[in-house]
Every structure is written in C-alpha cells, then in structure tokens.
Amino acid sequence: MIRGTLLTLSLLLVATGCDRSNSAKPPRIETDPATSPAADKPPLALVDTAPKHADKPLLLKPARVFDGINTAPHEGWVVLVRGEKIEAAGPADQIKTPDDAQVINLPGMTLLPGLIEAHSHLFLHPYNETPWDDQVLRESPALRVARATNHARDSLLAGFTTLRDLGTEGAGDADVGMKQAIDQGIIIGPRLIVVTRAIVATGSYGPKGFAPHVRVPQGADEASGAEALRRVVREQIARGADWIKVYADYYWGPEREARPTFSLEELQVIVATARDAGRPVSAHATSHEGAKRATLAGVETVEHGDGGDAALFKLMAEKGVALCPTLAATEAIQQYRGWKKGADPEPPAVKSKRAAFKAALDSGVTIAAGSDVGVFSHGDEARELELMVDYGMKPADALRSATSVNAKVLHLNAKIGAVKPGLLADLIAVEGDPTREIAAVRRVKMVMKGGVVHRAPRP
Ligand SMILES: [Zn+2]
C-alpha cells in the first residue's frame, strides 16, 4: 500500500517534477491526467510547487542533522534548500528563513546526506531468484533493462541518491543509457557512475564449464596483453565509462580458488590508459596477491578484499587505496548456499570476512561503503551499513563512509556527500537517530535529489 502511494508520487514527479525545460510555470497537479481525479489521494503538498525543483526555497526542519562529516549529529538544526543546492544549514535561530520559504517539518527525524552506494549492479537481481549464469545467458537485454529501471527507483526511494555501478555483467553498455535516462528525467533513480563492462583476463571469467568448442558470451570484456588492454579501456571510455572496473583475480585456480588473473604490468597498463583520460580504476580482488598487485598498479578502490590482512591494508592505506568490503554479498551468497543466519554457526567465508574487516578497521585504510547489491535485492542496500556496524564499526563511521567518505573516494566531494552550503541538495530524512541505531537508515521518510523531492513525508 505504501509502495502504491510512493509510486504515484514518483510518477507525478517524473511527469511534472523533472522536466528539464525552463518553462516559466510548472503544470499544476490537477491538470495532469495521471493524477485526475485526485480527490481521494493524500495531499501532495510538495509536488505542485516543485517543477525541476521547487520555485520557492524549502526549509527542512528535522529533529537533528547528521552532516556526513562530524560523528555527532546537530540537534535543532535546520537546512535551507534553494533550487538544486543547499543554501544554508545551522541552528534554527541562526538561519534566516526567506518569507516565501516552504517549510517541511520532519519531526523526530534525522536529516542526512543522500546515501552513496559504492558497489552496485543494477542489471543483476538476487541469485536465489535466478543464478548469475542464467541472468547472463537467458535474460534478454530488454528484460534486464526493465528490471534495472525498477532497481534504480527502489534504490533511490531507499535513500541511496548515488550509486557506482560496477559492471553490467552481460548487459553490454546499457548502464550508460540508464544513466542518461535518469539524468534526463525519463525514469527516476540515483546519480550513476558507470563502468560499462568489467575487464577480465582471457579465459578467467564466466559463464564457464561448457565443452571447449562451444563459445559462450562472457559476463565481461575479455582481453590480454598491453595492446589489447589499451584498446579495451579506450573503447569503454568512448562508450561512456566514468570508471574502469577490472578483475585482478577470479576463481580459476585448480580448486576453483581465487588466483590472480592479470600480471602487474597488465594492471599498470590499464591504470595508465584510464588515468590519461581522467578515469579512476576499481579492482575486484578477493585474493591477497590480486589485491596487492592492484594496489601497486595504482587502482583507487579494491572491491571485496576477503584475503586482506594487516600488511595489505596498511599498504593500501599508504597508497591511498580504499577498500569496498561488500559484507552483505558474502553473507547473501552463504545464505543462498544454505546458511541459516542466527541459527547455524558462521561459515568460514563469513568468519574470514569478519577477520579481514577488523584488520581493515585497525589498519586505518579508507573504507568505502559498498554492498555488491544485485547479489541481493535493490532497495536493501542498508544491509551493508548494518553489517559494517555488526562487524565492529561505529554507526556514525558507517554513515560517514556512505556519505562524505564515499563522495571523496568517488571524486564527488565538491558536489555531494555532506550537508554543507553550496553542495547539491541530495538529502534524506529517516525516523530516529541512525548514529545511535544504524537500522534507522531503513526508516526513510523523505528523499530529495538535487532539490527534487522524490519521497515526501505524509503531511
Ligand atoms: Zn560486484
């Protein structure tokens, strides 16, 4: 039922709220056929004053503000939004409210920067619904785009206003079009950073296990050797990649354990080619050696890091490489394999993930909140923040990771990631105080992206 209401609001905002044209006056709700008759619907106070973003300034009055940087929330702060940006933030008695400001009361709620997910796959859905191989080989591009459209909406309405999507896994370059559709207001979704296809070493990836003479399309872009890698990186950039994603290792050892795929020299070629074009590189690495090579080659983030120890994380910290732990994906996969969380003892993969995360925390390496969502349901990204706290991080630090830290890791800190004048108004309000109880991030009551309200509290 709530979903129905939200969907209606979302559609309204697409129809009337995200128009990129500079029409002087926005259409009123009543004139939109999608909303007539509107009499039996809950009041949508924000919508008819919100074209691309509200004409009038918006004054947000929560119980407190978590600014994304300081660990302690500011009680009694208000935030003034004008157009797509934050104009002012501070104690209520120090912020001058413009006469024409529209007030949004957020009683009992914490206002915080829109959450940033550093590792998602919009084109995947949970593996217990459809195994990864079947998603890559049996689902049409149109089916995958249709699902991804819903995934983008679900992530945004769950408070995640930015996603770095780390590979379409068989869906080609569809992430570039998805990003354009969101930016043009055709569909709703988070700001996207896209990589097109991940780059994998020839023969290392999947789907695999077929007869040697059968050539099976791969879930990523295969290449080997300096020249081929330069070409693949350049082609991806030409198609719209914001970052380059590479698999520094994969499960292709004799016992299907993770072994390095690319040589250090090959990884260096990838990083140098991407860097020339101003693109950072992210590396999948679950083995110690894979993560070490990626770090030495100059990637900016290591994904998963399961095989990491104190020495590796210290090296990463020294080189300014961030770790994206994807705790939620590890747990989800173990659960798909039969682990009953809470009832059964923790499987070795979860135990070692806990140990690696503790070593990472102790080492001082930058931890970028990223869940690998797609392995589990979109809209459930908060799972990673809960696990980061369960595995030993303070709630406020998990929130900083998903806001100001991720903004910096993704080179977006001049635009998003904090409640600060001049930044884009990517803001969410949640019931309760997530710095005390991290699960409060699931109780999202308001979502604003670039000053446009996509989810509003009931008046
Ligand atoms: Zn992933």
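The structure this text deals with has already been given above.
Residues numbered from 1 in each chain as written. Predicted model: local features only at pLDDT ≥ 70, side-chain atom pairs only at ≥ 80, totals over all residues.

## Side note on the overall build of the protein chain
How we decide: Secondary structure elements are defined from DSSP: runs of H or I of at least 4 residues count as helices, runs of E of at least 2 residues count as strands, and each element is numbered from the N terminus. Three exposure classes are used. Buried residues have 20 or more other C-beta atoms within 10 Å of their own C-beta, exposed residues have 12 or fewer, and partly exposed residues fall in between, all C-beta atoms being placed from the backbone. The contact rule is simple: place each C-beta atom from the backbone, and if two of them lie within 7 Å, those residues are in contact.
What the protein chain contains, in helices and strands, is twelve helices and 19 strands. Looking at the protein chain as a whole, 50% of its 459 residues are labelled buried. A separation threshold of at least 6 residues defines the contact pool for the protein chain, and within that pool the share at least 24 residues apart is 68%.

## Topic: the environment of A248
Secondary-structure assignment places A248 in the loop between β11 (244-247) and β12 (249-251). Spatially, the C-alpha atoms of A248 and I199 are 9.1 Å apart, while their sequence positions differ by 49 residues. With sequence-adjacent residues up to four places away left out, A248 is seen in contact with P260, T261, F262, L267, A283, H284, A285, G290, A291, R293 and A294.

## Some remarks on unusual backbone geometry
Omega for the peptide link from G206 to P207 comes to -5 degrees, which places this bond in the cis form. Its place among the elements puts P207 in the loop between β9 (199-201) and β10 (221-223). The phi dihedral of R256 falls on the positive side, at around 60 degrees, and the residue is not glycine. For R256, the position within the fold is in the loop between β12 and β13 (258-260). With a phi close to 65 degrees, H411 is a non-glycine residue in the positive phi region. The topology assignment puts H411 in the loop between α12 (395-409) and β17 (427-431). Residue classification places H411 among the partly exposed residues on the basis of 14 C-beta atoms within 10 Å.

## As for the packing of helix α11 (residues 382-390) against α12
So the rule is basically this: Interaxial angles span 0 to 180 degrees and are taken between N-to-C directions of axes, which are lines fitted to C-alpha atoms, for helices over the stretch in contact. When describing relative orientation, an angle under 35 degrees is termed roughly parallel and one over 145 degrees roughly antiparallel, while 65 to 115 degrees is termed roughly perpendicular and anything else oblique. Two helices that cross are described as forming a left-handed crossing if the nearer one is turned anticlockwise from the farther one by less than a right angle, and a right-handed crossing if clockwise. Polar here means any residue other than Ala, Val, Leu, Ile, Met, Phe, Trp, Tyr, Cys and Pro, which are nonpolar, and Asp, Glu, Lys and Arg, which are charged; Gly is therefore polar.
At a closest axis distance of 9 Å, the pairing of α11 and α12 adopts a crossing angle of 140 degrees. Our classification of the angle between α11 and α12 gives oblique. Here α11 and α12 pass one another in a crossing that is right-handed. Between α11 and α12, the residues in contact are L385, M388 and V389 and P395, A398, S401 and A402, respectively. Looking at the contact of α11 with α12 residue by residue, the class counts come to six nonpolar, one polar and no charged.

## Points about the nonpolar core
Selection rule: As used here, a nonpolar core is made of buried Ala, Val, Leu, Ile, Met, Phe, Trp, Tyr and Cys residues. They are joined through C-beta atoms within 7 Å. In this entry, domain limits derive from an automatic or database-based domain assignment.
Core analysis: the biggest nonpolar cluster contains 125 residues, and V79, V246 and I270 have the highest contact counts within it. With six residues, the single largest contributor to this core is α12. Split by domain, this core shows at least three residues from each of two domains, domain 1 (2-114 + 417-455) and domain 2 (119-140 + 167-174 + 196-376 + 388-394). With residues up to four places along the chain from it excluded, the contact list for V79 reads L60, V65, I86, A89, L111, V419 and L427.

## Regarding the environment of S263
Within the fold, S263 resides in the loop between β13 and α6 (264-276). With 15 C-beta atoms counted inside 10 Å, the residue S263 sits in the partly exposed group. Note: C-alpha distance between S263 and A248 (15 residues apart in sequence) is 8.5 Å.

## Let's talk about the environment of S204
Mapped onto the fold, S204 is located in the loop between β9 and β10. Between the C-alpha atom of S204 and that of D249, which follows or precedes it by 45 residues, the distance is 8.4 Å. Each residue touching S204, except ones within four places of it in the same chain, is listed here: Y247, Y250, W252 and T261.

## Quick notes on the sheet that holds strand β8 (residues 191-194)
Heads up, the condition is: A pair of strands counts as paired when DSSP detects no fewer than two bridges linking them.
Taken in spatial order, the three strands of this open sheet run β6-β7-β8, and their pairing is parallel. Both outer strands of the open sheet, β6 (115-120) and β8, are each paired with one neighbouring strand and no more. Across the sheet, the axes of successive neighbouring strands diverge by a mean angle of 15 degrees, strand direction being ignored. Pairing of β6 with strand β7 (residues 160-165) involves four bridges; the strand directions are parallel. Following the sheet pairing, S120 is matched in β7 by D165.

## Structural notes on α6
In an α-helix there are 3.6 residues to a turn, and that puts residues three or four apart on one side. Using the following cut-off: Given a helix with a known number of residues, its expected span is that number minus one, times 1.5 Å.
Over its 13 residues, α6 runs 18 Å from end to end, which matches the ideal 18 Å to within 8%, given 1.5 Å per residue. Turning to α6, its buried residues are E266, L267, V269, I270, V271, T273 and A274. Next to the buried residues of α6 lie β9, α5 (226-239), β11, β14 (281-285) and α7 (288-297). Just downstream of α6 lies G278, where phi reads positive at about 75 degrees.

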